[in-house]
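# Overview (structure and organization)
Here is how the chains run, residue by residue.
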Amino acid sequence: MRYIPPVSSTPEDWSTRHSVLTTAQRTADLVNALVDDHPDPADVAAVLRAYGETDPIDLSARDVTEMRAAAARLREVFAAEDTDAAASALNRLLRDHTGPLRLSSHDGTTPWHPHLDRADDAPWAEWFLASSCMALTVLVWDRQRPPGGTCDSPSCDNVYVTQGSGPPRRYCSRRCATRQRVAAHRRARAAREPG
């Protein structure tokens, strides 16, 4: 079993770690970790471990390069201006990069769950792209809006998952939002002061 650790003593632990929202957040965190030209496999493995993957020690530089290409494809979904654009991007990814929907229990070691990769031992990049497409597709279907966005801060390339209703989110974090508010405040104050 490669991707999902054995079933814990409580089913809630497993279902929380592998919920659609958690998988979508893992997608955003991996896309962000893979944005650099040469991401460190140890950094990518740390993200995978943070989301319950038990054996990313076999993650090679080639795996990370292939995952980086998958992350670039997924970034298009986060950058979508509207629901139609997000759905179109996902439809292309589903058509070109995933296998047929199937159920797996990893030979009885996990609860039954859906997969879109071609096999339980698929390469990391294939698994990453397929599982991410599934989670983002379900979010579009469930919410009828894009599953996330890209940070509006000019100094940030991060993507994020939209988690609730309310006003549209513009920044990946409070830190970026605060930095932009402070910069806007300083610009406004400088414009009011005589030069």
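Residues numbered from 1 in each chain as written. Predicted model: local features only at pLDDT ≥ 70, side-chain atom pairs only at ≥ 80, totals over all residues. Heavy atoms only, no water.

### A few points about the overall build of the protein
For the record, the criterion: Each helix is a run of H or I in the DSSP string that is no shorter than four residues. Each strand is a run of E no shorter than two, and both are numbered from the N terminus. Classification of residues uses two cut-offs on accessible area relative to the type maximum, computed with a 1.4 Å probe and protein chains only: under 20% is buried, over 50% is exposed, and between them is partly exposed. Contacts between residues were defined by any pair of non-hydrogen atoms, one from each residue, lying within 4.5 Å. Surface accessibility in these figures is a Shrake-Rupley result with a 1.4 Å probe; residues are shielded only by whichever protein chains are displayed.
Tallying secondary structure elements over the protein gives seven helices and four strands in all. Written out in order from the N terminus, the α and β elements of the protein read α-α-α-α-α-β-β-α-β-β-α. Going through the 195 residues of the protein one by one, you find that 42% of them count as buried. Contacts in the protein between residues far apart in sequence, at least 24 positions, make up 55% of those at least 6 positions apart. Of the roughly 10,900 Å² that the protein leaves accessible, carbon and sulfur atoms contribute 53%.

### Here we look at the packing of helix α2 (residues 20–33) against helix α3 (residues 41–50)
As a reminder of what qualifies: The axes used here are C-alpha line fits, helices contributing only the stretch in contact, and every angle between their N-to-C directions lies in the interval 0 to 180 degrees. Roughly parallel means an angle under 35 degrees; roughly antiparallel, over 145; roughly perpendicular, 65 to 115; everything else is oblique. When residues are grouped by polarity, Ala, Val, Leu, Ile, Met, Phe, Trp, Tyr, Cys and Pro land in nonpolar, Asp, Glu, Lys and Arg in charged, and all others, Gly among them, in polar.
Closest axis-to-axis distance for the α2/α3 pair is 10 Å, and the angle between their directions is 170°. Our classification of the angle between α2 and α3 gives roughly antiparallel. Here D29, L30 and A33 of α2 lie close against α3, whose contacting residues are V44, V47 and L48. Of the residues contributing to the contact of α2 with α3, the split by class is five nonpolar, no polar and one charged.

### Examining the packing of aromatic side chains
Short version of the rule: To pair, rings of Phe, Tyr and Trp, with the six-membered ring standing in for Trp, must have centres within 6.5 Å; the planes then decide the type, stacked if under 30 degrees apart, edge-to-face if over 60, and tilted in the middle.
Overall, the coordinates contain one aromatic pair when judged by the stated rule. Seen in terms of ring centroids, W124 and W127 are 5.5 Å apart; in terms of plane orientation they differ by 85°. Their pairing is edge-to-face. Taken as a pair, W124 and W127 lie in helix α6 (residues 124–143) at a separation of three residues, close to a single helical turn.

### So, the nonpolar core
Using the following cut-off: Put simply, a nonpolar core is a bunch of buried Ala, Val, Leu, Ile, Met, Phe, Trp, Tyr and Cys residues held in one set by side-chain atoms that sit within 4.5 Å of each other.
Ranked by size, the top nonpolar core spans 36 residues in total, and within it L30, L34, V44, L59, M67, L74 and F128 carry the most contacts. When residues of this core are traced back to their parent elements, those giving at least two are α2, α3, α4 (61–78), α5 (83–97), α6 and β4 (159–161). Counting residues per element, this core draws most heavily on α6, which supplies 10 residues. Look past the residues within four positions of F128 in its chain and what remains in contact with it is R26, T27, L30, V31, L34, M67, A70, A71 and L74. With seven residues, the next largest nonpolar core counts C151, Y171, C172 and A177 among its residues.

### Things to note about α6
Worth spelling out the cut-off: Given the number of residues in a helix, its expected span is that number minus one, multiplied by 1.5 Å.
Under the 1.5 Å per step criterion, the end-to-end length of α6 is 28 Å for 20 residues, consistent within 8% with the ideal 28 Å. With respect to burial, α6 is a largely interior element, 15 of its 20 residues being buried. Note on α6: the residue one or two positions beyond its end, Q144, has a positive phi of about 60°.

### Comments concerning the confidence of the model for the protein
Let me state the cut-off plainly: The predictor attaches a confidence to each residue, and that confidence, scored 0 to 100, is pLDDT.
When the pLDDT values of the protein are averaged, the result is 88; 90% of them are 70 or greater. Considering only residues more than four positions removed or in separate chains, one finds that residues 1–11, a stretch of pLDDT under 50, has 41 contacts.

### Description of the environment of C151
Turning to its location among the elements, C151 is positioned in the loop between β3 (148–150) and β4. Its relative accessible area of 9% is what places C151 among the buried residues. Sequence spacing of C151 and A70 is 81 residues, and the spatial spacing of their C-alpha atoms is 19 Å. Among all residues touching C151, those that are not within four sequence positions of it are C156, N158, Y160, R170, Y171, C172 and C176.

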